[in-house]
4 protein chains.
Amino acid sequence: MLVIMKNDATEEQVQGVVNRIEDLGFRGIPIPGSLRTAICIVGNQGYVEDSQFLSLDGVKECLRVTRPYKLVSRETHPQSTTITIGDITIGGEKPVFMAGPCAVESEKQAITIAGIVKRFGAEVFRGGAYKPRSSPYSFQGLGEEGLKILAKVRQETGLLIITEATDISNIEMVEEYADIIQIGARNMQNYALLRKAGHTRKPVLLKRGLAATIDELLMSAEYILSEGNSRVILCERGIRTFADNTRNTLDISAIPCIIEASHLPVIIDPSHAAGRREYVIPLSRAAIAVGAHGLIIEVHHDPAHAVSDGRQSLYPEGFERLMQEIKEVVHVA
Amino acid sequence: MLVIMKNDATEEQVQGVVNRIEDLGFRGIPIPGSLRTAICIVGNQGYVEDSQFLSLDGVKECLRVTRPYKLVSRETHPQSTTITIGDITIGGEKPVFMAGPCAVESEKQAITIAGIVKRFGAEVFRGGAYKPRSSPYSFQGLGEEGLKILAKVRQETGLLIITEATDISNIEMVEEYADIIQIGARNMQNYALLRKAGHTRKPVLLKRGLAATIDELLMSAEYILSEGNSRVILCERGIRTFADNTRNTLDISAIPCIIEASHLPVIIDPSHAAGRREYVIPLSRAAIAVGAHGLIIEVHHDPAHAVSDGRQSLYPEGFERLMQEIKEVVHVA
Amino acid sequence: MLVIMKNDATEEQVQGVVNRIEDLGFRGIPIPGSLRTAICIVGNQGYVEDSQFLSLDGVKECLRVTRPYKLVSRETHPQSTTITIGDITIGGEKPVFMAGPCAVESEKQAITIAGIVKRFGAEVFRGGAYKPRSSPYSFQGLGEEGLKILAKVRQETGLLIITEATDISNIEMVEEYADIIQIGARNMQNYALLRKAGHTRKPVLLKRGLAATIDELLMSAEYILSEGNSRVILCERGIRTFADNTRNTLDISAIPCIIEASHLPVIIDPSHAAGRREYVIPLSRAAIAVGAHGLIIEVHHDPAHAVSDGRQSLYPEGFERLMQEIKEVVHVA
Amino acid sequence: MLVIMKNDATEEQVQGVVNRIEDLGFRGIPIPGSLRTAICIVGNQGYVEDSQFLSLDGVKECLRVTRPYKLVSRETHPQSTTITIGDITIGGEKPVFMAGPCAVESEKQAITIAGIVKRFGAEVFRGGAYKPRSSPYSFQGLGEEGLKILAKVRQETGLLIITEATDISNIEMVEEYADIIQIGARNMQNYALLRKAGHTRKPVLLKRGLAATIDELLMSAEYILSEGNSRVILCERGIRTFADNTRNTLDISAIPCIIEASHLPVIIDPSHAAGRREYVIPLSRAAIAVGAHGLIIEVHHDPAHAVSDGRQSLYPEGFERLMQEIKEVVHVA
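Computed from a predicted structure; not experimentally measured. (Residues numbered from 1 in each chain as written. Chains lettered and ligands numbered in written order. Predicted model: local features only at pLDDT ≥ 70, side-chain atom pairs only at ≥ 80, totals over all residues.)

1. Remarks on the overall build of chain A
Under the convention used in this document: Comment: elements are numbered from the N terminus, with helices defined as DSSP H or I runs of at least four residues and strands as E runs of at least two. A residue is called partly exposed when the number of other C-beta atoms within 10 Å of its own lies between 12 and 20, exposed at 12 or fewer, and buried at 20 or more, with C-beta atoms placed from the backbone. It is the C-beta atoms, placed from the backbone, that decide contacts: two residues are in contact if theirs lie within 7 Å.
When its secondary structure is counted, chain A shows eleven helices and 14 strands. Viewed in the frame of its principal axes, chain A has a C-alpha envelope of about 75 × 40 × 40 Å. Counting across all 333 residues of chain A, residues that qualify as buried make up 59%. Within chain A, counting contacts between residues at least 6 apart in sequence, those at least 24 apart form 65% of the total.

2. Observations concerning the sheet that holds strand β4 (residues 59-63) of chain B
The strands that make up a sheet are held in pairs by hydrogen bonds between backbone atoms, and each pair lies either parallel or antiparallel. All names here are of chain B. Using the following cut-off: Pairing between strands is defined by DSSP: at least two bridges between them are needed. Working convention: axes come from line fits to C-alpha atoms, limited for helices to the stretch in contact. Angles between N-to-C directions cover 0 to 180 degrees.
Strand order in the open sheet made by the four strands is β2-β3-β1-β4, with antiparallel pairing throughout. Here the strands that pair on one side only, and so sit at the sheet edges, are β2 (27-32) and β4. Within this sheet the neighbouring strands show an average axis-to-axis angle of 25°, counted without direction. Sheet topology places β2 next to strand β3 (residues 37-42); six bridges connect them, and they run antiparallel. Paired with isoleucine 29 across the strands is cysteine 40, a residue of β3. Most of the contacts of helix α1 (residues 11-23) go to β2, to which it runs at about 155°, and overall it touches β1 (2-5), β2, β3 and β4.

3. As for the pairing of strand β14 (residues 294-298) of chain D
Residues and elements named next belong to chain D. For β14, a buried count of five out of five residues is recorded, marking the element as mostly surrounded by other parts of the structure. Going residue by residue along β14, you find Gly294, Ile296 and Glu298 tucked away on one face and Leu295 and Ile297 tucked away on the opposite face as well. Looking at chain direction, strand β7 (residues 96-100) and β14 are connected through five bridges and run parallel. Counted as the bridge partner of glycine 100 is glutamate 298 from β14.

4. Regarding the sheet that holds strand β4 (residues 59-63) of chain C
Residue and element names in this part refer to chain C. One open sheet accounts for four strands, arranged β2-β3-β1-β4; its pairing is antiparallel. Only two strands of the sheet have a single partner each, and these edge strands are β2 (27-32) and β4. The average angle at which neighbouring strand axes cross in this sheet is 20°, direction not considered. Two strands pair when backbone bridges link them, and strand β1 (residues 2-5) and strand β3 (residues 37-42) are joined in this way by three bridges, in the antiparallel orientation. Bridging from a neighbouring strand, isoleucine 4 pairs with alanine 38 of β3.

5. Thoughts on the packing of helix α6 (residues 191-199) of chain D against helix α7 (residues 214-226) of chain D
Residue and element names in this part refer to chain D. Filter applied, for reference: Should an angle fall under 35 degrees it is taken as roughly parallel, and over 145 as roughly antiparallel, whereas 65 to 115 is taken as roughly perpendicular and any remaining angle as oblique. Handedness of a helix crossing follows the sense of rotation of the near helix relative to the far helix, less than a right angle counterclockwise being left-handed and clockwise being right-handed.
It is the contact of α6 with α7, at a shortest axis distance of 6 Å, that shows an interaxial angle of 40°. The angle between α6 and α7 places the two elements in the oblique class. In the crossing of α6 with α7, the sense of the turn from one axis to the other is right-handed. Listed contacts from α7 to Tyr191, Leu194, Arg195, Ala197 and Gly198 of α6 are Ser220, Tyr223, Ile224, Leu225 and Ser226.

6. Details of helix α10 (residues 280-290) of chain B
Residues that lie three or four places apart on an α-helix share one face, since the helix turns once every 3.6 residues. Of all eleven residues in α10 of chain B, eleven are buried; the element is thus mostly enclosed. Turning to α10 of chain B, its buried residues are Val280, Ile281, Pro282, Leu283, Ser284, Arg285, Ala286, Ala287, Ile288, Ala289 and Val290 of chain B.

7. Considering the interface of chain C and chain A
Here is the rule: For this classification, Asp, Glu, Lys and Arg are treated as charged, while Ala, Val, Leu, Ile, Met, Phe, Trp, Tyr, Cys and Pro are nonpolar and the rest, including Gly, are polar.
Across the boundary between the two partners, chain C contributes 30 residues, which contact 32 residues of chain A. Looking at the side of chain C that touches chain A element by element, the count peaks at five residues for helix α7 (residues 214-226) of chain C. Split by residue class, the side of chain C that touches chain A holds 13 nonpolar, eleven polar and six charged.

8. Observations regarding the interface of chain A and chain B
Listed as interface residues are 40 residues of chain A and, on the opposing side, 42 residues of chain B. Those elements that provide at least two residues to the side of chain A that touches chain B are α2 (51-54), α8 (254-261), α9 (270-274), α10 (280-290) and α11 (316-330) of chain A. The dominant element in the side of chain A that touches chain B, judged by the number of residues it contributes, is α10 of chain A, at six residues. Grouping the amino acids of the side of chain A that touches chain B by side-chain chemistry returns 23 nonpolar, ten polar and seven charged.

9. Topic: the confidence of the model for chain A
As a reminder of what qualifies: For every residue, the predictor reports its confidence as pLDDT, a number between 0 and 100.
For chain A, per-residue confidence averages 90 on the pLDDT scale, and residues scoring 70 or more make up 93% of the total. For this predicted complex, the interface confidence comes out at an ipTM of 0.87, alongside a pTM of 0.87.

10. Some remarks on the domain arrangement of chain A
The criterion, for reference: Throughout, the edges of the domains are those of an automatic or database domain assignment.
Looking at the assigned domains, one finds that chain A contains domain 1 (2-62) and domain 2 (83-330). Measuring from the centre of the C-alpha atoms in domain 1 of chain A to the corresponding centre in domain 2 of chain A gives 43 Å.

11. Focus: the environment of threonine 84 of chain A
Mapping threonine 84 of chain A onto the fold places it in strand β5 (residues 83-85). Given 12 C-beta atoms within a 10 Å radius, threonine 84 of chain A is considered exposed.

12. Side note on the environment of aspartate 167 of chain B
Inspection of the secondary structure assignment puts aspartate 167 of chain B in the loop between β9 (160-164) and α5 (171-177). Counting along the chain gives 16 residues from aspartate 167 of chain B to isoleucine 183 of chain B, while the straight-line C-alpha distance between them is 9.0 Å. In this view, aspartate 167 of chain B contacts Leu193 of chain B together with Ile168 and Ala192 of chain D; residues no more than four positions away in its chain are not counted.

13. Things to note about the environment of serine 73 of chain B
Residue and element names in this part refer to chain B. If you trace the backbone, serine 73 turns up in the loop between β4 and β5 (83-85). By the C-beta count within 10 Å, which is 18 here, serine 73 ends up partly exposed. With residues up to four places along the chain from it excluded, the contact list for serine 73 reads Arg67, Ala261 and Ser262.

Written as structure tokens, this is what we have:
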């Protein structure tokens with residue numbers, strides 16, 4: 001076994017681990033590295049419980065290699081990244097609220113919802129012009145017409161715009177109209193798209209894939225940073241598990257894990273995780289309390305007639321209540 | 001329940017299903033569709049075993065409309081249950097805090113930690129006397145000696161005691177010493193133990209199994225209630241998924257789901273979900289914000305020498321900080 | 001589809017759902033139960049989007065009776081599809097064997113391995129020219145140079161060529177050189193790529209995503225068929241679960257499930273499922289025994305120096321043994 | 001990183017790994033242990049791909065500690081265990097077939113089914129007298145009356161009997177009547193039951209829990225062996241995943257993994273994995289082909305009237321076909 005010490009571990013702490021190893025009847029060989037010391041355990045015939053070392057002072061972890069990412073890592077960039085767009089800053093003390101319909105359906109629908117979410121405190125308007133859908137027979141979005149509607153929303157309300165690029169064929173057009181380019185969960189490992197996103201001049205919101213580990217999410221972000229765009233916002237939106245109580249299982253622990261591993265901001269999408277509007281407000285409270293840098297929420301003034309995801313969209317009253325309840329939690333995170 | 005017939009099911013097969021439904025004393029209404037026929041079962045007050053239909057000729061599948069539990073259901077008992085033990089009430093407005101070590105190791109250890117957790121606001125002392133361990137060679141708990149130490153902790157500190165019964169051979173002894181009987185995740189479907197717990201006069205904390213759905217957790221609680229003990233507290237403690245960033249994935253959405261489906265109180269164990277003390281405080285904030293009725297937290301004054309789960313135990317300072325941060329969130333939930 | 005109303009749904013809410021169903025041109029039949037009402041939708045020939053009902057007042061949930069895919073379904077196309085390319089037929093009695101390295105590394109490497117796999121009975125040579133890799137710093141494939149090497153392999157050995165298209169920017173070039181276009185697991189829901197694949201004149205091997213259900217896999221195949229290319233081969237290659245004994249969990253049951261639901265051929269990739277060469281041979285035996293229409297296997301003459309996936313590549317002797325052992329099972333499936 | 005060499009690794013192989021490490025610009029320090037050599041990698045600043053070492057000759061694994069089990073391990077007991085009961089041997093060349101209903105319902109039912117399964121080649125009769133059920137309102141088994149029926153089946157047919165002990169309160173009675181004591185998936189970590197099973201004089205069939213890793217299954221077996229009963233048969237019966245095409249996901253890879261790690265025999269239960277009789281035959285073929293030492297199959301002469309699990313029970317004709325198809329695969333494994 002290899003016990004990895006923290007970077008700032010003292011001589012005494014290293015000796016403490018060696019002593020513990022010797023107490024157990026084994027030998028501990030410290031191997032100084034350029035960043036930190038690792039201690040190799042020798043002489044054990046059988047199982048050694050790693051929790052015996054993990055809880056000693058100065059110990060960082062047992063037995064794990066260094067992570068495969070670099071630019072996104074907090075180890076190489078200890079200070080948290082903040083991303084400023086217009087009047088808002090993502091990744092700072094104050095959480096950011098993005099809200100709007102799943103899909104842009106018409107100018108009237110978009111402007112109506114934008115007015116509502118702005119009134120209750122949203123700063124960014126979300127709405128899909130290009131929609132990735134499981135079925136080829138489902139509504140696929142308005143395309144460029146949708147982007148033009150979004151531009152009009154910005155002009156009329158002053159809200160910033162986030163919308164999804166689903167492929168290298170539309171990311172340049174999305175870049176032209178949007179303030180933040182969204183890359184969806186299904187595309188988290190679409191590397192050509194990630195590279196292109198790395199060449200745009202707009203911040204990118206990268207959603208975690210349904211079956212992606214945190215390491216894989218960070219590796220995908222690394223693709224974007226490695227091409228020159230360091231303004232990346234991560235987004236937890238639920239993972240696929242056996243649990244059938246929600247559409248996906250919101251992995252709330254991802255937030256402290258990502259904040260520990262990376263300097264990039266991270267927000268939560270409770271709407272896609274829950275899949276049902278009834279759970280969106282409690283999950284939003286939890287998201288802010290756990291320390292997320294913001295929320296992206298589906299809101300529709302008439303969910304019953306929404307062309308997609310109506311089940312998880314909040315009514316205007318729901319969004320108003322969400323924003324009120326969040327205020328109570330905000331100063332904690 | 002709805003019985004879906006295969007596309008090529010014959011008239012006779014449809015009639016066969018209807019006959020079987022009528023044998024059971026219900027009515028079966030065939031509903032012809034363009035591709036296939038579905039048969040709706042009407043008149044059942046409770047649970048109907050679907051295997052009785054699934055094996056009939058021509059049947060494709062059964063879709064269940066009504067949940068299989070009764071006593072634990074909010075449908076049959078709309079008002080939330082509160083459980084009062086001594087001075088505390090679980091399931092009300094104010095969350096309840098349980099804290100202590102994974103295992104009782106000695107009187108000195110237990111009294112020391114109990115003093116600490118009481119000072120910072122815990123109302124219930126946790127500590128295992130019987131420990132279920134994956135390895136037969138790991139420390140298995142002090143047994144009755146541990147229970148006696150727990151009784152002394154109560155006497156000296158006034159804290160209530162929660163401790164685990166691991167089998168029908170020790171539940172009566174646990175009942176004698178404890179204020180709340182814990183049934184652990186590995187025993188969530190140990191039905192003999194559940195039935196015995198239903199005969200005790202103490203409240204029972206029932207933890208969700210690693211791979212249990214919410215419905216299965218509620219069915220296990222139904223075992224306890226059906227034997228006469230309705231003072232059951234549920235506990236979400238993380239589920240097993242592919243995600244490797246935490247020991248288990250805390251299913252935070254379970255709280256609003258359980259509160260919607262059942263009248264029983266539900267708390268969160270962030271320590272076992274996280275598996276690492278670094279994440280316990282943010283997860284505790286999230287737990288309170290999402291609406292949990294309390295927390296159960298591992299605390300140890302000397303985690304490096306704990307006989308089990310030292311990696312996830314908070315230091316006293318950590319627990320102090322947790323309780324301070326929680327206060328900010330409390331009034332929201 | 002069946003729309004389940006909440007227990008306390010009003011007469012008006014039930015009527016609202018019926019009205020919405022009639023607006024869509026179908027019939028809605030309310031079926032009152034002892035606890036709640038369900039409404040059956042009759043008269044739809046195809047897919048009905050459930051979100052249209054889920055967001056109506058009083059609706060609890062929707063239960064789907066008919067699957068959302070059409071062209072790939074065995075219900076609409078009962079006879080199994082066979083795909084003939086050159087001398088081989090995929091989807092018939094005789095399983096097809098595809099083998100080769102993870103990546104094309106050089107002409108010498110490709111020709112060497114092709115000679116080996118041909119000698120032991122492979123009919124198709126696999127090798128990646130474009131490699132989707134989690135890390136931007138990993139080897140990304142030789143690109144068009146790799147495709148030219150593959151063409152040379154075909155010329156010299158007579159083997160057919162399968163290689164992966166990773167994006168709409170390279171699928172046309174892949175189409176030019178390959179006999180079968182592979183779409184990898186990470187791209188299973190890259191819909192632009194699927195549509196383009198639907199416009200090519202080459203058969204497409206579509207791999208199941210790590211977290212994809214069988215229905216989602218079939219829906220992705222539906223994208224390809226709906227654009228005019230009906231020569232699609234499905235591939236099970238392991239799903240992501242908690243189990244850590246293999247890189248992914250081979251879902252062997254997927255084969256009878258897919259064969260029941262769809263007329264398309266389906267093969268198994270045991271190499272990516274196992275992640276370790278030690279398990280590739282037993283899994284291959286199981287794959288043939290369960291009824292798969294073929295195998296795609298990683299083989300390398302020098303795995304220790306392979307640029308990727310060396311751990312799961314068979315040595316030439318291993319592939320020889322695999323092909324011998326398979327012969328014993330072949331006539332069963 | 002720590003590279004673990006095989007026990008029989010040569011000096012040259014160790015040097016080969018050191019050379020590879022040095023090629024990469026790092027230092028490799030061999031640390032001879034009592035059983036084998038480990039090589040510690042020093043001097044790497046970042047990520048080292050472990051596949052570079054895993055595929056070198058003589059390398060066993062990277063970075064993992066020795067497993068926590070001893071008695072069940074093939075390392076401490078290289079020769080495969082065979083268990084002989086009456087005329088049959090489990091764990092040898094010839095697979096063993098266990099078959100019968102989910103639950104013993106009546107003497108007539110048991111004798112009828114036993115006659116059928118014996119006729120087509122089963123050697124062990126399965127049937128539950130104590131049934132663990134998710135719902136307290138479901139049929140819980142005939143208890144001792146069921147055991148007496150099983151004894152009569154043995155007397156009349158000569159078949160051996162396997163039946164489940166669900167708790168420490170019934171294991172002694174089960175021991176009295178059964179030839180093999182079954183411990184079910186829900187009880188895989190019921191340690192009191194495992195210890196009691198270790199004190200019986202009958203072989204024990206231990207089923208893998210729904211969310212158990214192979215290591216955990218082996219640790220549970222270790223409980224039984226550590227109490228003195230070394231006649232343990234393991235059983236893979238499907239794990240819980242997101243995949244909804246079967247009731248559980250049969251982890252077919254578990255067989256080669258267990259055979260590599262342990263000397264104990266391992267069989268497969270395709271009925272509980274599939275949850276539908278349509279898939280039981282192909283999964284049984286796969287089970288034998290992958291190398292399982294036997295099968296345990298649910299068969300019912302009248303599944304439509306079975307009190308439990310009728311959906312997954314084979315009809316007599318189905319079992320006959322299964323046994324015929326299996327014969328074709330048998331000599332391969």
